[in-house]
Amino acid sequence: MQKEAIQQIQTSAHIPAIIEQLKAIGTQTPCIVTPQDFKVSNLEAFMENRANYRLGMNTSSLADFITYSQKFEQAGATCFINADQMRAKTVFDLGTELAPGHQQHASTLTLEKTAQYKAVLNVDGERLSQKTASEFIEDWTDVITVFSSEGEVIPNAVAAQRLRDLTIETAREVTSKVEDFGESMSAMERIEAKGKDLLPSKIQFICTPYLGLSEYNFTVRVNILTGGDRPQLCLRIIQLETVKEQIVNEFKDFLVNAFVDNDIDTFIGSID
C-alpha cells in the first residue's frame, strides 16, 4: 500500500471523532468537516436565513436609538452609557453569566452638538475683533439677549453696533513729592475703552446643546481688551463646567428612564 493511501486512511479515521465533538458542542450554525486539513467550514452562506441576528446600528438620534433598543430588547440586553463622550451602546445578545451571547448585535448612539452649541463654545475664551464679536451677536440674534453692566437689556442690533464703535481713552497721572532730604515721583497710566452709550456686559445665549435634550442658558461675559493697537473682545462662558455637568446628568437620566420598563439593564460606563 502506498504511503499517501496510508496517510489518507489515518486522516479519515479522525473525522468521526471531530463530528462527535461538534455534536456535543451543539452548534447553531451548520458546519462541515473537510478531510484534507480537518477544517470546519461554515455553511451559513448557503442557508436561506442567517443562523443568528448580527448588526451594528449607529445613529446620532436619541429618539431612534431608544426606539431601536426597545424593538430588539431581549433577556440580557444591556445599555452602557459613556456620559463624558455623550455616547451609549446597547448590546442585545450580551446574554447572561451562565449563557453568554456572541455580542454581534448592538446599537450605538453618539450625540452630536447642535450648530448653536458649537457656536457658543467656539467663542468661549477667544480673543475676537470688534467685527467678529458684533457678527456673533447678529448671526445668533434669535437666541441671544444682551445686557449692559447695569442690567439693562440692549437690543441686539444696537449692541452689535456699539461693539463696532469703541473709543480708546488714555490718561496719565503723575504725582511728585519733594521733601528736605529727597524727592519722589510716580506715574500711573490708565487705558479704557468707552462707547457713546452703555456697552454690552453680558450675553444670554439659550440653546439646545444636543437634539433631544432640554434648552440651556449660557451666560457669556463680555470683556474688552485694550492692550493692543486696536481693542479686542473676549467672550467667556460663566460656569461652563457646571452647565456641562447638568447636560451630562440629563443624558444619563434620560436613557435610564427610557429603559426602566424594558428588559434592558443600564450601566454608566463603556465597554471595549
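Above this text sits the structure in question.
Residues numbered from 1 in each chain as written. Predicted model: local features only at pLDDT ≥ 70, side-chain atom pairs only at ≥ 80, totals over all residues. Heavy atoms only, no water.

Asker: With reference to specific residues and values, describe the overall build of the protein chain.
Answerer: From N to C terminus, the protein chain includes seven helices and 15 strands. Carbon together with sulfur atoms contributes 48% to the accessible area of the protein chain, which is approximately 17,700 Å² in total. (Helix = DSSP H or I, 4+ residues; strand = E, 2+ residues; numbered from the N terminus. Areas by Shrake-Rupley, 256 points an atom, 1.4 Å probe, with all protein chains shown as cover.)

Asker: Tell me about the pattern of salt bridges, and please be specific about residues and values.
Answerer: Under the counting rule described, the total for this entry stands at two salt bridges. Of the charged contacts, one joins Glu135 and Lys131 as a salt bridge, the two residues approaching to 2.5 Å between their closest N and O atoms. Separated by four residues within a single helix, Glu135 and Lys131 lie in helix α5 (residues 130–139), roughly one turn from each other. Taking relative accessible area as the criterion, Glu135 reaches 27% and is therefore assigned partly exposed. Taking the shortest distance from any N to any O, the salt bridge between Arg164 and Glu138 comes out at 2.8 Å. Taken together, the positions of Arg164 in helix α6 (residues 156–164) and Glu138 in helix α5 put the pair 26 residues apart, joining distant regions of the chain. A residue is classified by how much of its surface remains accessible, and Arg164, at 34% relative accessible area, is partly exposed. (Salt bridge = Lys/Arg side-chain N within 4 Å of Asp/Glu carboxyl O. Buried < 20%, exposed > 50% of the residue type's maximum accessible area, 1.4 Å probe, protein only.)

Asker: How would you explain the sheet that holds strand β3 (residues 55–59) if you had to name every residue and give the values?
Answerer: The strands making up a sheet associate through backbone hydrogen bonding, with each pair oriented either parallel or antiparallel. Taken together, five strands build an open sheet; the order of strands is β3-β6-β5-β4-β15 and the sheet is mixed. Since the sheet does not close on itself, it has two edges, and those belong to β3 and β15 (265–268), each with one partner. Averaged over all adjacent pairs, the angle separating strand axes in this sheet is 15°, with direction ignored. Direction of pairing for β3 relative to strand β6 (residues 105–110): parallel, over a ladder of five bridges. By the bridge assignment, Met57 is partnered in β6 with Ser107. Docked against the sheet, helix α3 (residues 62–71) engages β3, β4 (78–82), β5 (87–91) and β6, running at close to 160° with respect to β6. Sitting on the sheet, helix α7 (residues 240–258) touches β4, β5, β6 and β15, and the angle it makes with β4 is about 175°. (Pairing = 2+ DSSP bridges. Axes fitted to C-alpha atoms, helices over the stretch in contact; angles between N-to-C directions. Contact = heavy atoms within 4.5 Å.)

Asker: Pulling in residues and values, what's your account of the packing of aromatic side chains?
Answerer: Summed over all chains, the structure comprises nine aromatic pairs. Judged by centre distance (5.8 Å) and plane angle (65°), the ring pair of Tyr68 and Phe92 falls under edge-to-face. Pair noted here: Tyr68 is in helix α3 and Phe92 is in the loop between β5 and β6, with a separation of 24 residues, a long-range link. Overall, Tyr68 belongs to the buried group, its relative accessible area being 13%. Taken together, the ring pairs in this structure connect Tyr68, Phe72 and Phe92 into an aromatic cluster. (Phe/Tyr/Trp six-rings, centres within 6.5 Å; stacked < 30°, edge-to-face > 60°.)

Asker: Explain the packing of α3 against α7 residue by residue, including any values.
Answerer: Helix-helix packing is characterised by the crossing angle of the two axes and by the distance between the axes. It is the contact of α3 with α7, at a shortest axis distance of 11 Å, that shows an interaxial angle of 30°. Considered as vectors, α3 and α7 are oriented roughly parallel to each other. α7 is crossed by α3, and the crossing has right-handed handedness. Between α3 and α7, the contacting residues are Leu62, Phe65, Ile66 and Gln70 on the first element and Phe251, Phe254, Leu255 and Ala258 on the second. (Parallel < 35°, antiparallel > 145°, perpendicular 65-115°, else oblique. Left-handed = near helix turned anticlockwise from the far one by under 90°.)

Asker: Account for the sheet that holds strand β14 (residues 232–237), with residues named and values stated.
Answerer: In space, the six strands of this open sheet follow the order β7-β14-β13-β12-β8-β9, with antiparallel pairing throughout. Of all strands in the sheet, those bounded by a partner on one side alone are β7 (126–128) and β9 (153–154). When β7 meets β14, the two strands line up antiparallel, connected through three bridges. Paired with Glu126 across the bridge in β14 is Leu235. Sheet contacts for helix α4 (residues 115–123): β7, β12 (200–207), β13 (216–225) and β14; angle to β12, the most-contacted strand, approximately 150°. Together, β13 and β14 form the strand contacts of α7, whose direction differs from that of β13 by roughly 160°.

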